Amino acid sequence: MSAKRNGLIWLVLTVVLLVADWATKTLVINTMTVGQSIDILPVFNITYVHNPGAAFSFLSDAGGWQRWFLSAIAVAISVLLIWWLKRLPASNKLLGCAYALVLAGALGNLYDRMVYGYVIDFIHVYYQNWHYPKFNIADCAICIGAALLLIDAFKSSSKKESVNE
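Residues numbered from 1 in each chain as written. Predicted model: local features only at pLDDT ≥ 70, side-chain atom pairs only at ≥ 80, totals over all residues. Heavy atoms only, no water.

## Some details on a nonpolar patch on the surface
What counts here: Like charges are joined within 9 Å and nonpolar side chains (Val, Leu, Ile, Met, Phe, Trp, Tyr) within 5 Å, but only among residues with over 30% relative accessible area and no salt bridge; these make up the patches. Residue exposure ignores everything except the shown protein chains as possible cover, and the areas themselves are Shrake-Rupley values with a 1.4 Å probe. Salt bridge, as used here: a side-chain nitrogen of Lys or Arg that lies within 4 Å of a carboxyl oxygen of Asp or Glu. Counting from the N terminus, the helices are the DSSP runs of H or I reaching at least four residues and the strands are the DSSP runs of E reaching at least two. Exposure is judged per residue with a 1.4 Å probe applied to protein chains only, and the accessible area is read against the type maximum: over 50% gives exposed, under 20% gives buried, and values in between give partly exposed.
Together, Ile38, Ile40, Leu41, Val43, Tyr127, Trp130 and Tyr132 line one region of the surface with nonpolar side chains, adding up to about 680 Å² of accessible area. Tracing the backbone shows Ile40 in strand 1 (residues 37-41). Exposure remark for Ile40: the relative accessible area of 45% places this residue in the partly exposed category.

The following block contains the structure:
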């Protein structure tokens, strides 16, 4: 009798992304000063910044309470994602990957908030005078995971509609 594998196997992806996030942030911290920028391409720099807020520096000037608020949200989301992974069949690749990515991003930025009091951001994309807010590997993981969740929702919706026709 073989036990069914659940989605916790996708935690391997979470760990890989956490290591990549931690390693890149550590490299930036150890080799750059805050505010320093290294030109890579005409539309891409590595620019070291501290972000005490959330995405796009939302709440960055809130006075400090946001650190604990955002950390509590990250913990709650992480617990929920692990619970969902445990209930998910390992064969559900799209949702397993999505949950693992969002979990990695939440934990990567949670680590920064707990250790430093802010998130380390360094990826800087721009074009001429337009600048996208700086971000990191954890943020990329969250965005890609969220996109996969939307794709899954649309796929599930399409399946339900075709069954009802």
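## Digging into the packing of aromatic side chains
For clarity, the cut-off: Between the rings of Phe, Tyr and Trp (Trp by its six-membered ring), a pair exists once the centres lie within 6.5 Å; its type follows the angle of the planes, with under 30 degrees stacked, over 60 edge-to-face, and the other angles tilted.
Scanning the entire structure with this criterion turns up four aromatic pairs. Centre to centre, the rings of Trp130 and Tyr132 are 6.0 Å apart; their planes meet at 50°, and the pair counts as tilted. Taking the relative accessible area as the measure of exposure, Tyr132 reaches 32% and is therefore partly exposed. With centroids separated by 5.9 Å and ring planes inclined at 90°, the aromatic side chains of Tyr132 and Phe135 adopt a geometry described as edge-to-face. Residue class for Phe135 comes out buried when judged on its relative accessible area of 16%.

## What about the confidence of the model for the protein?
Residues shown with low pLDDT carry predicted positions that ought not to be read at fine detail. Just so we agree on the cut-off: Predictor confidence is given residue by residue as pLDDT, running from a minimum of 0 to a maximum of 100.
With 87% of its residues at a pLDDT of 70 or more, the protein has an overall mean of 89. Of all secondary-structure elements in the protein, the lowest mean pLDDT belongs to helix 4 (residues 137-164), at 85, while helix 1 (residues 11-31) reaches the highest, 98.

## Examining the nonpolar core
For the record, the criterion: Joining through side-chain atoms within 4.5 Å is the link that ties buried Ala, Val, Leu, Ile, Met, Phe, Trp, Tyr and Cys residues into a set, and such a set is a nonpolar core. Any two residues having at least one pair of non-hydrogen atoms within 4.5 Å are treated as being in contact.
By size, the foremost hydrophobic cluster in this structure holds nine residues: Trp10, Leu81, Leu85, Leu88, Leu95, Tyr99, Ala100, Val102 and Leu103. Of all elements in the fold, only helix 2 (65-87) and helix 3 (93-116) reach the threshold of two or more residues within this core. In this view, Ala100 contacts Trp10, Leu13 and Thr14; residues no more than four positions away in its chain are not counted. Of all hydrophobic cores here, the second largest spans eight residues; its members include Val28, Ile46, Ile120 and Ile123.

## Here's the deal with the environment of Gly53
Positionally, Gly53 belongs in the loop between strand 2 (44-51) and helix 2. Given a relative accessible area of 1%, Gly53 falls into the buried group. Distance in space between the C-alpha atoms of Gly53 and Arg113 is 9.4 Å, their sequence separation being 60 residues.

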